[in-house]
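Chain residues, written in single-letter form:
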Amino acid sequence: MLQTSSRALRRAPLALGNLRANGPAIAVSFPRWTHSTASVNLAFEEIPAKDPSPGSKPPGPLVIVHGLLGSKQNWRSLAKRFHQTLNTPIYTLDLRNHGQSPHNEVMDYASMAGDIIEFCKERSLKHINLLGHSLGGKTVMAAALSPDLPPDTLSKLIVVDISPARGPMSDEFRTYLRAMKEIEHKRVRSRKEADDVLQAYEPDVSIRQFLLTNLDRVSHGTEHHHKFRVPLGILDKGIEGIGDFPYEPDHRKWEGKTLFVKGSKSKYINRKNMPIAKEYFPNMELITLEAGHWVHAEQPVEFVNRVSEFILQP
């Protein structure tokens, strides 16, 4: 949901879903608050690989990174689809300040990329396929370009509807934050009350439902109210940095195979910024699906098929 338009989530039922992935999914979360510039332990869910068929050679693990104000739970249904198609371990992550991962006042792409690199190091993951959407897309690009990325970690990179170009955040995102702060200030007691507040800011029910996936019930004795699990103050302070990018193309490149997936109705990948992407990722290809910014939610079957074809290519 990075710089997304107000229509971006109109057809996003799967992104908003909460379906459980097939197989023994493993969910892990960690303590919430840190203030260090060091990496944080990311919460994640894993779907282990099934026993491979005789003579088959599955691809490396698929690591999936959500967008702004999203979480790993938004990708559960698609993770299941990828697992069925690829028969490889699937990891869905919560970025710092999202989902069940710790909160940290440092929220820049180099730090978020460092979290992913440490996640892979700690699990000795090799030859991974790294996929990110929007904010997650910029984060996985930063990870691919990072000098801290160990050799043989990354096999292929998939970037969904975002480019490495720098640009200001939209006023729309500031509006969402303002609405979410009002919900917390009013200490609403139900999701219905929270949605009533959001309606004054956003008419699209899909977007409101997406924002409310971050809402938790908090109890104090016999009293309770609702609070967002994402740290609104940290996000508010870091809003400008979310439009940034940590590297210059003449300083860092990644020569591996890279797939950019564009939504035909979205402007986040366009003729102006694709040459910039090509400088960073010279071995890139671009495909376009009939969708808006939320390509994977609007076209889940085609998205999984096309990305899986890319991953399975020699």
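Residues numbered from 1 in each chain as written. Predicted model: local features only at pLDDT ≥ 70, side-chain atom pairs only at ≥ 80, totals over all residues. Heavy atoms only, no water.

Engineer: I'm lost on the overall build of the protein in this one. Help?
Structural biologist: Scanning the protein for helices and strands turns up ten helices and twelve strands. Here the protein, with 314 residues, has 57% of them falling under the buried criterion. Sequence-distant contacts, at least 24 apart, represent 79% of the contacts inside the protein between residues at least 6 apart. Element-wise, carbon and sulfur atoms account for 51% of the exposed surface of the protein, whose accessible area totals about 13500 Å². (Helix = DSSP H or I, 4+ residues; strand = E, 2+ residues; numbered from the N terminus. Buried < 20%, exposed > 50% of the residue type's maximum accessible area, 1.4 Å probe, protein only. Contact = heavy atoms within 4.5 Å. Areas by Shrake-Rupley, 256 points an atom, 1.4 Å probe, with all protein chains shown as cover.)

Engineer: Would you mind showing me how to read the packing of aromatic side chains here?
Structural biologist: Two aromatic rings are characterised by how far apart their centres lie and by the angle between their planes. According to the stated counting rule, one finds ten aromatic pairs in the structure shown. Joined through ring pairs, the aromatic side chains of Phe 245, Tyr 247, Phe 260, Tyr 280 and Phe 281 make up one cluster. (Phe/Tyr/Trp six-rings, centres within 6.5 Å; stacked < 30°, edge-to-face > 60°.)

Engineer: Sorry, what's going on with the environment of Ala 291 here?
Structural biologist: Tracing the sequence through the fold places Ala 291 in the loop between strand S12 (284-289) and helix H9 (295-298). Ala 291 gets classed as buried once you look at its relative accessible area, which sits at 0%. In contact with Ala 291, not counting residues within four places along its chain, are Gly 263, Ser 264, Lys 265, Ser 266, Glu 298 and Gln 299.

Engineer: Could you clarify how one ought to interpret the pattern of salt bridges in this entry?
Structural biologist: Side chains that differ in sign of charge can pair as their charged atoms come close. Scanning the model with the defined rule gives 16 salt bridges in all. Of the charged contacts, one joins Glu 118 and Lys 121 as a salt bridge, the two residues approaching to 3.4 Å between their closest N and O atoms. Placement of the pair is Glu 118 and Lys 121 together in helix H2 (residues 109-122), with a separation of three residues, close to one helical turn. For Glu 118, a relative accessible area of 27% translates into the label partly exposed. In this structure, the salt-bridge partner of Asp 244 is Arg 166, at a minimum N-O distance of 2.8 Å. (Salt bridge = Lys/Arg side-chain N within 4 Å of Asp/Glu carboxyl O.)

Engineer: What am I meant to see in the nonpolar core here?
Structural biologist: Ranked by internal contacts, the top residues of the largest apolar core, which has 68 residues, are Leu 69, Leu 93, Leu 130, Leu 157, Phe 260 and Phe 281. In contact with Leu 130, other than residues within four places in its own chain, are Val 63, Val 65, Ile 116, Val 140, Ala 143, Leu 154, Lys 156, Leu 157 and Ile 158. Of all hydrophobic cores here, the second largest spans 23 residues; its members include Leu 62, Trp 75, Phe 82 and Val 295. (Core = buried A, V, L, I, M, F, W, Y, C linked by side-chain atoms within 4.5 Å.)

Engineer: How should I be thinking about the pairing of strand S7 (residues 128-133) in this particular structure?
Structural biologist: For a regular strand, side-chain orientation follows a simple rule: the groups alternate between the two sheet faces. For S7, the tally of buried residues reaches six of six residues, placing the bulk of the element in the interior. What you see with S7 is no split at all: Ile 128, Leu 130 and Gly 132 on one side and Asn 129, Leu 131 and His 133 on the other are buried throughout. In terms of strand pairing, strand S4 (residues 62-65) meets S7 through four bridges, oriented parallel. Each residue of the ladder has a partner; that of Val 65, found in S7, is Gly 132. When S7 meets strand S8 (residues 154-160), the two strands line up parallel, connected through six bridges. If you follow Leu 130 over to S8, its bridge partner there is Leu 157. You can see the chain leave S7, run along helix H3 (residues 135-145) and come back into S8, and the turn it takes is right-handed. (Pairing = 2+ DSSP bridges. Right-handed = clockwise from strand over helix to strand, strands pointing away.)

Engineer: Sorry if this is basic, but what is going on with the confidence of the model for the protein here?
Structural biologist: Atomic detail in the predicted coordinates should be set aside for any region of low pLDDT. Looking at the protein, pLDDT values average 88 and 88% of them are 70 or higher. Confidence drops under a pLDDT of 50 for residues 1-24, and excluding neighbours within four residues, the segment shows 85 contacts in the predicted structure. (pLDDT = per-residue confidence, 0-100.)

Engineer: Please explain the packing of helix H4 (residues 171-186) against helix H5 (residues 191-199) as it appears in this structure.
Structural biologist: Angle between the axes and distance between the axes are the two parameters that describe a pair of packed helices. For the pair H4 and H5, the least separation of the axes is 9 Å and the interaxial angle reads 140 degrees. Relative to H5, H4 is oriented oblique. Relative to H5, H4 is oriented so that their crossing is right-handed. On H5, the residues that touch Ala 179, Glu 182, Ile 183 and Lys 186 of H4 are Ala 194, Val 197 and Leu 198. A per-class count over the contact of H4 with H5 returns five nonpolar, no polar and two charged. (Axes fitted to C-alpha atoms, helices over the stretch in contact; angles between N-to-C directions. Parallel < 35°, antiparallel > 145°, perpendicular 65-115°, else oblique. Left-handed = near helix turned anticlockwise from the far one by under 90°. Nonpolar A, V, L, I, M, F, W, Y, C, P; charged D, E, K, R; others polar.)

Engineer: Explain helix H1 (residues 76-86) to me, please; I cannot follow it from the model alone.
Structural biologist: Along an α-helix, residues three or four positions apart point the same way, because every turn accommodates 3.6 residues. If you check which residues of H1 are buried, you get Arg 76, Ser 77, Leu 78, Ala 79, Phe 82, His 83 and Leu 86. For H1, the secondary structure elements touched by its buried residues are strand S3 (44-47), S4, strand S5 (90-93), S7, H9 and helix H10 (300-312).

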